[in-house]
Amino acid sequence: MDTNYLENNYLTLVGKVTGEKEFSHEIYGERFYIFKLGIPRLSGNHDMIPITISERLIGESTLEEGRKLLVKGQFRSYNSYENEKNRLILTVFAKDVIEIEEKVEEEENEMIKKDTITNEVVLIGYICKKPIYRQTPFGREISDILLAVNRAYNKSDYIPCIAWGRNARFCQNLEVGSQVKVIGRVQSRTYEKKYEDGTSQTRVAYEVSIGSLEVIEEKNEEKEEEIENQEAV
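Residues numbered from 1 in each chain as written. Predicted model: local features only at pLDDT ≥ 70, side-chain atom pairs only at ≥ 80, totals over all residues. Heavy atoms only, no water.

I tried to follow the side chain of E30 on my own but got confused; where do I start?
By the element assignment, E30 lies in strand β2 (residues 30–40). Among the polar contacts listed, one links the side chain of E30 to the side chain of S54, at a separation of 2.5 Å. (Helix = DSSP H or I, 4+ residues; strand = E, 2+ residues; numbered from the N terminus. Polar contact = N/O pair within 3.5 Å; in protein donor to acceptor, adjacent residues only side chain to side chain.)

So this is what it looks like as structure tokens:
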């Protein structure tokens, strides 16, 4: 079955370049870099999202500190082996980058603000671990979900997602293998990793905060039944 992987996994981010770019890797003579994009939240805080980008998409000043960018691409994962342990690394893979000039006229700036989504990701994938439902000390409902999203060449991205409120309550009953579509935003958060020797380390986690969720497995089953009925005629 043909799959449009761009439809399975796509996002739009608007933010400012934070810090210096770093060399990531090289494939067939094409160099890739990683940088952080600072994206404002309504609360006034910022999500610092890692972006992996090809040298062929950037100009001389594209990744200058403070440069405002519109990034379109996919949320991807890969495994990193550290101290004989496997760790899931998440990054945005940029497919297109547009520089937003801060000095354009006010009318153009207003058009950009209205027409541009600052942080949205759409994923279609499969529940690959039983969702973990819990409540915070303040009674807020949360479900942790790990979504497997198909990619080309028989690869998959494993994307941690978090649902809130009634979505969290609904997700706790989802079975492994269920196909869902989620729309949300990419967020970053810090946490303390504690070790057996009593020491701890501050780390940053990246995940999708779910705004809406739809189970689509039933639709696929209906389509298969329809095909079977047509073949039987």
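Having seen it, we continue.
So what exactly am I meant to see when it comes to the packing of aromatic side chains here?
Where two aromatic rings form a pair, the distance of their centres and the angle of their planes describe that pair. Scanning the entire structure with this criterion turns up two aromatic pairs. A centroid spacing of 6.1 Å and a plane angle of 35° characterise the contact between F32 and F93, whose relative ring orientation is tilted. One end of the pair, F32, is in strand β2; the other, F93, is in strand β5 (residues 85–99), with 61 residues separating them in the sequence. For the pair F32 and F93, one class covers both residues: buried. Note that K21 overlies the ring of Y33, its terminal NZ or CZ placed 5.4 Å from the centroid. The ring of F93 has R76 sitting right over it, with the charged end atom 4.2 Å from the ring centre. (Phe/Tyr/Trp six-rings, centres within 6.5 Å; stacked < 30°, edge-to-face > 60°. Buried < 20%, exposed > 50% of the residue type's maximum accessible area, 1.4 Å probe, protein only. Lys NZ or Arg CZ within 6 Å of the ring centre and 35° of its normal.)

How should the nonpolar core be read in this particular structure?
Grouped burial of nonpolar side chains is what soluble globular proteins tend to show. Within the largest apolar cluster, 38 residues are counted, with the highest numbers of intra-cluster contacts made by L13, I51, V71, F75 and L123. Not counting residues within four places of it along the chain, the set of residues in contact with V71 comprises L11, T12, L13, L37, I51, V92, A94, D96 and V97. (Core = buried A, V, L, I, M, F, W, Y, C linked by side-chain atoms within 4.5 Å. Contact = heavy atoms within 4.5 Å.)

Just to check I follow, could you spell out the layout of surface pockets for this structure?
Rolled over the atoms, a probe sized like a water molecule indicates the empty space that remains. In this structure, the largest pocket encloses a volume near 930 Å³. Lining the largest pocket are 31 residues; nearest its centre among them are L88, L90, V204, A205 and Y206. Of the residues in the lining of the largest pocket, the class split is 16 nonpolar, four polar and eleven charged. (1 Å grid on protein atoms, 1.4 Å probe; cavity = no way out; pocket = protein on both sides within 12 Å on 5 of 7 lines; lining within 4 Å. Points joined across faces, edges and corners; volume = space filled by probe spheres on them. Nonpolar A, V, L, I, M, F, W, Y, C, P; charged D, E, K, R; others polar.)

Help me understand the pattern of salt bridges in this model?
Any two side chains of opposite charge can pair, given that their charged atoms come close. Per the counting criterion, the structure on display carries ten salt bridges. With a closest N to O distance of 3.7 Å, E30 and R56 form a salt bridge. Pair noted here: E30 is in strand β2 and R56 is in the loop between β3 (46–54) and β4 (68–82), with a separation of 26 residues, a long-range link. Residue R189 pairs with E207 through a salt bridge whose shortest N-O separation is 3.0 Å. Linking R189 in strand β10 (residues 179–194) with E207 in strand β11 (residues 200–215), this pair joins segments that are 18 residues apart in sequence. (Salt bridge = Lys/Arg side-chain N within 4 Å of Asp/Glu carboxyl O.)

Which parts of the structure should I look at to understand unusual backbone geometry?
With the exception of glycine, the majority of residues adopt a negative phi angle, and the majority of peptide bonds are in the trans configuration. Look at Y28: it is not a glycine, yet its phi comes out positive at around 50°. Position of Y28 among the secondary structure elements: in the loop between β1 (9–27) and β2. At N154, a position not held by glycine, the phi torsion is positive, near 60°.

I keep staring at the confidence of the model for the chain and nothing clicks. Help me out?
Detailed reading of the predicted model is not advised wherever pLDDT is low. Put simply, the chain has an average pLDDT of 85, and 82% of its residues get 70 or more. Note on residues 226–233: pLDDT is under 50 here. Beyond four places in sequence and across chains, it has zero contacts. (pLDDT = per-residue confidence, 0-100.)

Quick question: what am I supposed to make of the pairing of β3 here?
On any regular strand, side chains alternate: one points to one face of the sheet, the next to the other face. Across the nine residues of β3, seven count as buried, placing the element largely inside the fold. Bridge count between β2 and β3: nine bridges; the pairing is antiparallel. Each bridged residue has a counterpart across the sheet, and for L37 the counterpart in β3 is I49. A loop of five residues connects β2 with β3, the two strands running antiparallel in sequence, and G44 in this loop sits at a positive phi of about 100°. As defined by bridge partners, β3 adjoins β5 across two bridges and the pair is classed as parallel. In the sheet register, I51 faces β5, and the bridge partner there is V92. (Pairing = 2+ DSSP bridges.)

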